[in-house]
Amino acid sequence: MKTLADCVLLATALCLLGVGRWLSGCSAQFLASMSQCCTRGSELAKQNPDQDCANLPYGLINVQSEDIENCRITARVCCHRERRSQQCYDGIMHGRSGGVCKTRFSFDECGGKEYKKCCECCQLGLVAHRQLLRCDISSVKALNLGSYCAEAYKDCCLNGKIIATTRPPTATSAPLQPPGMCERFLGRLCEHICINTATGHICRCREGYRLQADDKTCIRDTGSTTGGLIGTGQATDDSLCENSPCEQTCRETGTGVQCSCLLGYQLNRDGTSCDDVNECAYNTDDCQEGQECFNTMGSFTCRRILGCGTGYEMNPAGECVDMDECELGVDECEAGFECTNQPGSFRCVPRVQCGVGYNYDRTGNCVDINECDGSSCPRGTKCINTVGSYRCQRLVTCGPGYELNADESNCEDIDECARGTHDCQGLSECKNNRGSYICQCPSGYTADQSTRTCQDIDECIRFAGRVCAQTCVNTEGSYTCECREGFELAGDNRNCRDLNECDNNPCEQRCINVYGSFQCSCNRGYRVASDGRTCEDTDECALYTGQGQGSLCMHECVNTRGSYTCSCPPGYELLQDDRSCADIKECDTGLHNCTAQQECFNIRGGYRCHDVTCPDNYVKTTPTGSSADEQRCVKGPCKVLDIDCIMERTTAISFNYLDLPSNLVTPVDLISMKAQVYGYIPKLRFRITEGNQGGWFNVTKRGLADGGALTGTVMLVRPLQGPFATTLRLDMDRLNNANLVVGRSIAYITVYVSKYNF
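Only a predicted model underlies this, so the values are computations on that prediction, with no experimental measurement involved. (Residues numbered from 1 in each chain as written. Predicted model: local features only at pLDDT ≥ 70, side-chain atom pairs only at ≥ 80, totals over all residues. Heavy atoms only, no water.)

Is there a simple way to think about the overall build of the chain in this case?
Secondary structure summary: the chain contains 13 helices and 47 strands in total. Relative to its 758 residues, the chain shows a buried fraction of 34%. Taking the contacts inside the chain whose residues are at least 6 apart along the sequence as the reference set, 41% of them involve residues at least 24 apart. Accessible surface, the chain: about 45,400 Å² in total, of which carbon and sulfur atoms supply 50%. (Helix = DSSP H or I, 4+ residues; strand = E, 2+ residues; numbered from the N terminus. Buried < 20%, exposed > 50% of the residue type's maximum accessible area, 1.4 Å probe, protein only. Contact = heavy atoms within 4.5 Å. Areas by Shrake-Rupley, 256 points an atom, 1.4 Å probe, with all protein chains shown as cover.)

Whenever I open this one, helix α3 (residues 68-96) confuses me. Can you help?
Count 3.6 residues to each turn of an α-helix, and residues three or four apart come out pointing the same way. Helix length check: α3 (29 residues) gives 42 Å between terminal C-alpha atoms against 42 Å at 1.5 Å per residue, within 8%. Of all 29 residues making up α3, 21 are buried, and the element is well covered by its neighbours. Backbone geometry just downstream of α3 places G98 in the positive-phi region, at approximately 85 degrees. (Expected span 1.5 Å × (residues − 1).)

Please explain unusual backbone geometry as it appears in this structure.
When glycine is set aside, most residues are seen to have a negative phi, and most peptide bonds are trans. Put simply, T666 and P667 share a cis peptide bond, and its omega is -5 degrees. Looking at where P667 falls in the secondary structure, it is placed in the loop between β41 (650-660) and β42 (668-675). The phi torsion at L641 lies on the positive side, around 65 degrees, for a residue other than glycine. One non-glycine residue, N739, adopts positive backbone phi at about 60 degrees. On the secondary structure map, N739 appears in the loop between β46 (724-735) and β47 (741-753).

What is the right way to look at the nonpolar core in this model?
As a rule of thumb, soluble globular proteins bury nonpolar side chains together. By size, the foremost hydrophobic cluster in this structure holds 21 residues, and its most contacted members are F697, L716, L730, I749 and V751. Among the elements of the structure, β41, β42, β43 (683-690), β44 (697-703), β45 (710-716), β46 and β47 are those that each provide at least two residues to this core. Per-element tally for this core: the top contributor is β47, with four residues. Leaving out residues up to four positions away in the same chain, L730 has contacts with M673, R687, I688, V699, G712, V714, S745, I746, A747 and I749. (Core = buried A, V, L, I, M, F, W, Y, C linked by side-chain atoms within 4.5 Å.)

Can you walk me through the confidence of the model for the chain in this structure?
Caution applies to low-pLDDT parts of the model: their predicted coordinates are not meant to be read in detail. Model confidence for the chain is summarised by a mean pLDDT of 78, while 79% of its residues fall at 70 or above. Long-range and interchain partners of residues 1-26, a stretch whose pLDDT sits below 50, account for 35 contacts in this model, where long-range means more than four residues apart. Contacts from residues 224-238, a stretch scored under 50 in pLDDT, to residues over four places away or in other chains number 15 contacts. (pLDDT = per-residue confidence, 0-100.)

Looking at this structure, I do not really get a nonpolar patch on the surface. What am I missing?
Taken together, the side chains of I643, I646 and M647 present a nonpolar region at the surface, about 300 Å² in accessible area. Mapped onto the fold, M647 is located in helix α13 (residues 643-647). (Patch = residues over 30% accessible without salt bridge, like charges linked within 9 Å, V, L, I, M, F, W, Y side chains within 5 Å. Salt bridge = Lys/Arg side-chain N within 4 Å of Asp/Glu carboxyl O.)

Is there a simple way to explain the side chain of T726 in this structure?
Along the polypeptide, T726 turns up in strand β46. What makes T726 buried here is its relative accessible area of 11%. In this view, T726 contacts G691, F697, I749, T750 and V751; residues no more than four positions away in its chain are not counted.

How should the packing of aromatic side chains be read in this particular structure?
Any pair of aromatic rings gets described here by the distance separating the centres and the angle formed by the planes. In total, this model carries nine aromatic pairs according to the counting rule given. Between Y572 and F758 the ring centres are 5.3 Å apart and the planes differ by 65 degrees, which places this aromatic pair in the edge-to-face class. Pair noted here: Y572 is in strand β35 (residues 572-574) and F758 is in the segment after β47, with a separation of 186 residues, a long-range link. No difference in accessibility class separates Y572 from F758, as the two residues are buried. Centre to centre, the rings of W696 and F724 are 5.0 Å apart; their planes meet at 70 degrees, and the pair counts as edge-to-face. Of this pair, W696 sits in the loop between β43 and β44 while F724 is found in strand β46, placing the two residues 28 residues apart along the sequence. Given a relative accessible area of 23%, F724 falls into the partly exposed group. Aromatic ring contacts, followed pair by pair, group Y572, Y756 and F758 into a single cluster. (Phe/Tyr/Trp six-rings, centres within 6.5 Å; stacked < 30°, edge-to-face > 60°.)

Would you explain the sheet that holds β42 in this entry?
Note: strands within a sheet are paired through backbone hydrogen bonds, in either parallel or antiparallel orientation. Strand order in this open sheet of three strands is β42-β45-β44, and the pairing throughout is antiparallel. Of all the strands in the sheet, just β42 and β44 have a single pairing partner and so form its edges. Taking the axes of each pair of neighbouring strands and ignoring which way they run, one obtains an average angle of 25 degrees across the sheet. When β44 meets β45, the two strands line up antiparallel, connected through seven bridges. Opposite G703, over in β45, you have L710 as the bridge partner. (Pairing = 2+ DSSP bridges. Axes fitted to C-alpha atoms, helices over the stretch in contact; angles between N-to-C directions.)

Would you explain the state of the cysteines in this entry?
Note on terminology: disulfide describes a covalent bond linking the sulfur atoms of two cysteines. Counted under the stated rule, the structure contains 30 disulfides. Through a disulfide, C261 is tied to C274; the S-S separation comes to 2.0 Å. Disulfide C261 to C274: torsion about the S-S bond roughly -90 degrees, handedness left-handed. You can see C261 sitting in the loop between β6 (257-260) and β7 (265-267) and its partner C274 sitting in strand β8 (residues 274-276), a full 13 residues away along the chain. Take C261: its relative accessible area is 21%, and that puts it in the partly exposed class. Overall, the relative accessible area of 8% leaves C274 in the buried class. Bridging C441 to C454, the disulfide has an S-S length of 2.0 Å. With the S-S dihedral at roughly -95 degrees, the linkage between C441 and C454 falls on the left-handed side. (Disulfide = S-S within 2.5 Å.)

Please explain the pairing of β6 as it appears in this structure.
When a strand is regular, its side chains alternate between the sheet's two faces. Of the pairings in the sheet, the one linking strand β5 (residues 249-252) to β6 comprises four bridges and is antiparallel in character. What sits directly across from C250, in β6, is C259. Linking β5 to β6, which pair antiparallel, is a turn of four residues; within it G254 sits at a positive phi near 105 degrees.

Right, dumping it as structure tokens:
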């Protein structure tokens with residue numbers, strides 16, 4: 001019930017609007033009736049969120065007949081006020097859920113604006129909440145934004161974003177229900193799960209928790225066991241999940257616990273706490289057209305934002321049902337009609353049935369139909385209306401080009417051509433038509449009906465592209481066709497055929513006839529000169545200058561008339577394709593002068609003879625599976641009291657040889673030094689200690705998955721231009737825990753870089 005002050009304010013509003021009685025003393029009966037009307041309007045706004053406050057149904061409450069309109073106005077005002085309050089609350093909930101603030105499309109335009117304003121003011125409060133500012137609303141009031149904005153700012157500043165852990169069912173599969181206690185105070189009534197009831201709400205706890213005496217908060221139920229199983233098959237008393245940091249769901253992994261979140265939440269980076277997923281913001285909701293998405297903790301809801309439309313109203317269950325205009329008395333049927341309800345509308349049915357030739361007026365009376373308004377009579381007659389019917393009276397009147405026949409019963413055509421009453425001039429010929437005539441012209445001319453003369457037809461313009469294949473020339477009454485150079489006119493005098501200019505040998509070497517012309521071409525190794533007819537030699541070497549895969553020759557090109565030849569540098573031979581150069585393998589073919597004690601190593605464009613001499617206490621060996629490019633010295637057993645031999649940490653020395661082309665694309669792996677791992681991973685160190693003065697090379701330590709080997713890979717990191725040669729020393733040191741060398745393998749790697757890129 002409204003207070004007396006509300007009643008006085010409402011009555012004053014009615015008087016100012018000119019719709020209420022002048023109140024002297026504020027009649028108690030009138031005030032009580034208006035208060036009930038206000039209550040009814042507020043209830044309708046709560047029960048039907050999409051009900052238009054401007055079109056409330058009749059029969060709100062039993063009031064005196066002279067106060068019915070006053071009651072509707074009072075209910076409308078209170079409906080608007082309740083609607084603004086509801087929209088403001090929904091805007092606050094939408095803002096706290098992280099939604100985008102926008103004006104709602106609704107019958108109640110004012111309420112839709114309150115929704116957006118309260119949502120935006122709530123977002124201001126959320127900013128203050130995150131920055132730990134005081135929730136002082138004096139600054140908001142100073143902006144004169146209204147009490148709703150100030151309350152929205154204060155609510156969101158104090159409470160922050162919505163916090164809850166339940167996921168209610170989606171609203172798309174069930175009719176829309178008015179918001180209950182759990183929705184109106186989302187996250188503030190229960191710690192875990194809130195359930196609406198007919199009288200309010202009840203709280204429930206998640207599995208493994210029990211409700212405390214305050215019927216709101218939950219504590220872990222220590223009597224339940226949720227731990228994993230141990231080796232004997234019995235549950236452990238000290239379950240890992242029982243004291244885990246997980247906020248929602250915990251699972252034992254055998255060596256610890258793993259946290260996860262319920263549906264509608266996502267795990268934070270700390271791996272224990274959960275945050276709500278805003279389905280509305282990420283467009284993962286399934287709200288239909290005409291509904292708006294509202295984010296909730298762990299889920300979302302869909303609410304109708306469009307009304308039911310004309311002729312329908314929303315019931316308390318949120319469903320659109322037909323409005324019976326006849327029963328409500330809002331039809332517009334006159335006294336002579338009877339109202340019949342239709343889905344979404346109504347129909348006015350006459351109470352009296354009219355005979356043939358009569359129709360109903362707007363009051364339901366039968367009036368005569370004037371059939372003559374619809375031209376009911378055939379041509380040549382006049383329609384005369386009678387009461388309940390009509391009759392046709394014949395008229396004989398001839399139009400231009402016609403005259404009455406002998407008995408004056410019909411009209412017949414006048415032949416102007418036969419009578420000589422036409423005015424066709426010059427080449428035109430008269431041809432009679434019904435009611436008139438036309439002047440016809442011979443082929444190639446067109447008749448000008450205004451001057452009755454014949455005008456020449458320019459076939460080249462009127463039929464452009466259709467009379468001649470190439471060039472059209474208009475003539476008086478006709479046209480002729482001509483052909484361009486390189487063509488001649490065909491036998492039909494319309495099309496053009498090609499001339500074969502090659503029959504006269506206009507080219508030095510080859511002639512190719514083309515449509516309407518010809519082209520000269522030359523043999524391979526020649527090109528057409530500037531005159532388009534003679535041929536001159538093509539310098540292929542200058543045309544395709546450079547080296548590599550895209551050039552004519554891999555090394556050097558020598559032009560000849562009509563062709564070219566390729567040559568290779570010393571140490572290379574020309575392949576069968578007459579352009580590629582291949583290195584001559586002197587070591588394989590015996591074309592070298594290395595002694596029997598030396599090792600022959602082939603390089604690009606030559607070879608090198610290497611003497612491999614092992615230091616004292618080392619024995620020369622060839623590793624299993626190695627090539628001639630690698631020689632090895634392995635430390636043998638030391639003599640008794642040979643301190644230098646015993647203290648020497650180097651166990652193996654290898655000699656390796658590489659040949660590379662110039663300007664190799666870097667970085668590129670060249671060679672790897674491998675250490676086998678037997679049951680444990682040794683502490684290794686790889687270093688290039690000699691031969692890398694220019695920083696051309698680098699060594700990278702890598703682990704392999706083919707049996708646990710560790711490697712140090714030498715990489716070329718800077719391109720080298722040959723000829724160039726250097727010998728690298730690569731050390732692989734085994735270190736103890738004090739980083740002291742306990743074993744060492746040395747690889748000498750001699751790198752030869754060719755002068756050429758191949």
